[in-house]
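# Descriptive analysis of the structure
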Amino acid sequence: MHQGIELEKIGAVSYLRDASGKDTLSDIIAKDKRGAFIPLPPDWVAGYTKDTIWFKFTLEFPAVTNNKYWLEISPAILDNIVLYIPGADNSYSSMQLGDHQPVQARPIMHRNFIFPLPPELSGTAQTYYVRIQSTSVINLHATLWQPHIFISDHSRPDALTGAYYGVRLFLAFFASILWIWLRNKIFLLYALYQCVACITQAYLAGTAQISLPLAPLTSDAIQKSTNFLLMATVLIFYATLFQLDKHLPRLFRLIQGIVSLEFVLFIGISTSLLAFSGPVTNLLLLLNISILLYASVWLLYRQHFDRVLYILAFWLGFGLYVLILLHNLGIPIGPSITMMDMPIFLPLVSLTLVTLGLVDIAKKEAEKKLQAKELALELSEESKRILDQRVRERTHQLALSNTQLNQEIAERQALHVMLEDSLVKQKELMQAQREFFAMASHEFRTPLAIIDTTSQRLSLLQSQPNLDTSAMLTPALRKIRRATQRMSRMIDNFLSMDRLDAINASHGFSQKLLDLRQVVQTTVEHYQDFSYRNIVMELSPTAANVLGDQYLITLVISNLLDNALKYSPAETDVMMRVFHGQHYCHIEIQDFGPGIAPELQERIFEKYMRIEGNMTVHGTGLGLHVARRIAEGHGGQLIVRSEPGQGTCFRLTLPRHNL
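Description of the structure in this document. If you're wondering where the values come from, they're calculated on a predicted model, not measured in any experiment. The residue numbering used here restarts from 1 in each chain and proceeds along that chain's sequence as written. For a predicted model such as this one, the threshold for reporting local features is a pLDDT of at least 70, and the threshold for listing and counting side-chain atom pairs is 80 or more; totals across whole chains, interfaces and linings nevertheless cover every residue. Side-chain metrics in this entry use all non-hydrogen atoms of the structure; hydrogen atoms and water are not considered.

### Brief notes about the nonpolar core
As a rule of thumb, nonpolar side chains are buried together in soluble globular proteins. Convention followed: Remark: nonpolar core denotes a set of buried residues (Ala, Val, Leu, Ile, Met, Phe, Trp, Tyr, Cys) joined through side-chain atoms within 4.5 Å. Relative accessibility thresholds used throughout: buried, under 20% of the residue-type maximum; exposed, over 50%; partly exposed, between the two (1.4 Å probe, protein chains only). Put simply, DSSP H or I for four residues or longer makes a helix, DSSP E for two residues or longer makes a strand, and each gets a number counted from the N terminus.
Judged by nonpolar contacts, the single largest core of 58 residues is most densely connected at Phe237, Tyr238, Leu241, Phe242, Leu244 and Leu358. Put simply, the parts of the chain that give this core at least two residues each are α2 (147-182), α3 (185-205), α5 (216-241), α7 (249-270), α8 (278-301), α9 (308-318), α10 (321-328) and α11 (345-378). The element best represented in this core is α5, accounting for eleven residues.

### Some points on the pattern of salt bridges
The condition is simple: The term salt bridge refers to a pairing of a side-chain nitrogen on Lys or Arg with a carboxyl oxygen on Asp or Glu at a separation within 4 Å.
Scanning the model with the defined rule gives 18 salt bridges in all. Between aspartate 79 and lysine 224 there is a salt bridge, and its shortest N-O distance comes to 3.6 Å. Of this pair, aspartate 79 sits in the loop between β5 (69-74) and β6 (80-86) while lysine 224 sits in helix α5, and the two are 145 residues apart along the sequence. The residue arginine 517 makes a salt bridge to aspartate 515 at a minimum N-O spacing of 3.0 Å.

### Here we look at helix α16 (residues 550-566)
Threshold: Every helix has an expected span of 1.5 Å times one less than the residues it contains. Any N or O atom pair separated by 3.5 Å or less is treated as a polar contact, with the protein-specific requirement of one donor-capable and one acceptor-capable atom, and with residues adjacent in sequence counted only for side-chain atom pairs.
Under the 1.5 Å per step criterion, the end-to-end length of α16 is 24 Å for 17 residues, consistent within 8% with the ideal 24 Å. With 13 of 17 residues buried, α16 lies mostly within the body of the structure. The backbone nitrogen of tyrosine 551 has a side-chain oxygen 3.1 Å away, supplied by the residue at the start of α16, namely aspartate 549.

### Thoughts on the sheet that holds strand β15 (residues 584-591)
Worth spelling out the cut-off: The criterion for strand pairing is that DSSP finds at least two bridges linking the strands in question. Angles here are taken between N-to-C directions and fall from 0 to 180 degrees, while the axes themselves are lines fitted to C-alpha atoms, restricted in helices to the stretch in contact. We call two residues in contact when some of their heavy atoms are within 4.5 Å.
Strands sit in the order β12-β14-β15-β17-β16 across an open sheet of five strands; the sheet is mixed. Edge positions in the open sheet fall to β12 (535-539) and β16 (637-642), since each of these has one partner strand only. Neighbouring strand axes in the sheet, compared pairwise and without regard to direction, differ in orientation by 15° on average. Here strand β14 (residues 574-580) pairs with β15 via six bridges, running antiparallel. Bridge pairing in β15 places histidine 580 opposite cysteine 585. Along the sheet face, helix α15 (residues 516-528) touches β12, β14, β15 and β17 (648-655) and points at about 170° away from the line of β12.

### Brief notes about α5
In an α-helix, one full turn covers 3.6 residues, which means residues spaced three or four apart are oriented alike. Rule in force here: Here the bend at a residue means the angle between the axes of two seven-residue stretches, the one that ends at it and the one that starts at it.
Its 26 residues place the ends of α5 37 Å apart at the C-alpha level, agreeing with the 38 Å of an ideal helix rising 1.5 Å per residue. Remark: the principal bend of α5, roughly 25°, maps to serine 225. Positive phi appears at glutamine 243, one or two residues downstream of α5, with a value of about 60°.

Okay, structure coming up:
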């Protein structure tokens with residue numbers, strides 16, 4: 001003998017059903033003599049049955065020196081197996097194994113059931129009987145071995161089985177790490193799926209029974225209950241993978257109900273509070289697979305081809321289960337096959353496809369995190385400063401709130417205080433409006449007075465025919481243009497407030513592709529027509545493209561540039577920079593003026609806000625408020641960095657448009 005002999009495949013096994021379960025060996029031998037046993041068909045499956053199944057086979061061992069033999073019987077989930085061994089006086093001795101028997105009682109410690117056969121009857125043909133009772137699916141694989149061949153032949157498969165479990169558990173661990181990092185529930189479900197699949201397969205293969213020191217009936221209850229845990233895990237995992245909560249929400253709610261039921265059955269059967277029913281288990285599993293098959297066909301029909309990889313993985317991994325379940329329920333459709341006979345490459349290919357799909361999901365999630373990190377790095381300093389300021393403000397607010405709660409002010413007094421505060425705020429608002437209208441009136445009169453005065457001077461000069469006015473004309477015209485530009489910008493800011501309110505109430509800004517380099521260059525050239533100040537530009541060598549309203553973005557740049565020119569010494573330069581990252585474009589306008597105190601750097605963006613001490617510089621307090629609203633309306637932001645005595649830098653950030 002060079003390898004094991006599979007008795008059922010060489011036609012050496014016959015079987016007999018005992019519906020009563022009460023027949024003794026003598027009764028079976030008598031029925032055997034009457035020809036009651038019938039040959040065991042290839043790939044025979046009895047399914048779930050309460051019948052006792054008897055098997056018989058006749059062996060004749062050669063009279064040789066090394067005549068020890070082992071009989072291996074599987075699958076490992078059979079409850080009770082009794083082997084009747086013939087003796088020299090035509091009597092029979094019995095040996096009982098099965099997963100309802102203590103593991104320590106096995107003569108050969110192995111995941112399957114190994115019966116050592118006595119060598120005393122070598123050279124004569126002897127008939128063996130096997131009695132099997134089980135609440136699991138009953139089928140028989142009986143293989144005859146010599147011990148040294150058994151050990152040699154099983155060493156490599158056992159090593160591969162261990163490697164298979166190791167790979168699945170490693171994938172579960174790796175998916176858990178991804179879940180902790182990316183917080184996507186699909187990785188947690190994948191890790192749970194791998195762990196439950198390993199436990200279920202370990203019980204089906206008999207590995208768990210010999211590895212865990214549990215009582216036989218407890219181990220059997222856990223083995224049967226893990227079927228429901230695996231069903232629930234597979235169902236919710238693939239439902240999430242197929243995104244059924246978005247595509248088929250009603251079906252997804254049904255799946256959640258089935259998963260809850262299966263989890264209750266898992267708890268009940270594992271604790272022996274509920275009895276195990278093989279047909280119910282198979283029907284429920286068939287329902288699970290049918291739901292997922294329907295969902296996969298629906299996704300393909302609706303052309304959700306981004307799910308094809310997962311659909312193919314499900315079909316390969318669970319398609320053959322339909323035939324197995326039908327055979328277990330007594331519906332012989334297609335070839336007869338059992339869980340233990342299913343080709344291993346199909347689950348491996350399915351596992352590979354699902355893993356590749358999850359790797360792609362992890363890659364996309366990681367890219368999102370990296371993009372968010374890049375944006376955070378670009379604005380980290382400013383965010384930290386704003387965060388610290390807000391923490392101080394919130395801490396102060398919480399302290400005030402706690403003080404107010406401890407004082408337990410009566411409701412009437414609280415309402416009275418609120419009414420007084422409202423009146424004060426209304427008076428302050430009315431006072432601010434009166435001051436604004438007075439300031440606006442003054443601001444409009446000033447450029448008009450400049451234009452009028454300059455025009456009168458030009459008229460007087462023209463009345464002197466012998467006087468050369470060419471040298472005086474250019475500065476006068478520049479003064480008129482500056483006054484006109486100032487008045488035009490004030491009007492633009494006033495009108496932009498109404499326009500911004502109208503846009504926010506409707507559909508948003510107009511979208512036009514703009515290169516910020518060109519917008520900045522055009523604005524600077526416009527200013528240099530009527531200003532002697534030196535404006536230094538640093539432009540990105542590549543296009544800084546954004547989508548936006550050209551008029552409004554130009555207004556933002558003009559307001560910032562005008563402030564830089566007004567609040568910095570005439571002999572200093574004004575710097576304008578245009579640069580971009582992968583996702584955002586930036587414009588920085590820097591002056592070398594007196595700077596802005598830290599406590600005022602957020603208040604300058606308030607409506608009508610002007611800093612005390614700068615009242616000699618003309619302005620309405622609207623420019624920065626309008627600029628920030630335009631930036632935020634385009635999905636960007638406007639921030640300021642300044643230190644007293646070191647100048648001020650405003651940064652306009654807008655989303656970059658990649659062509």
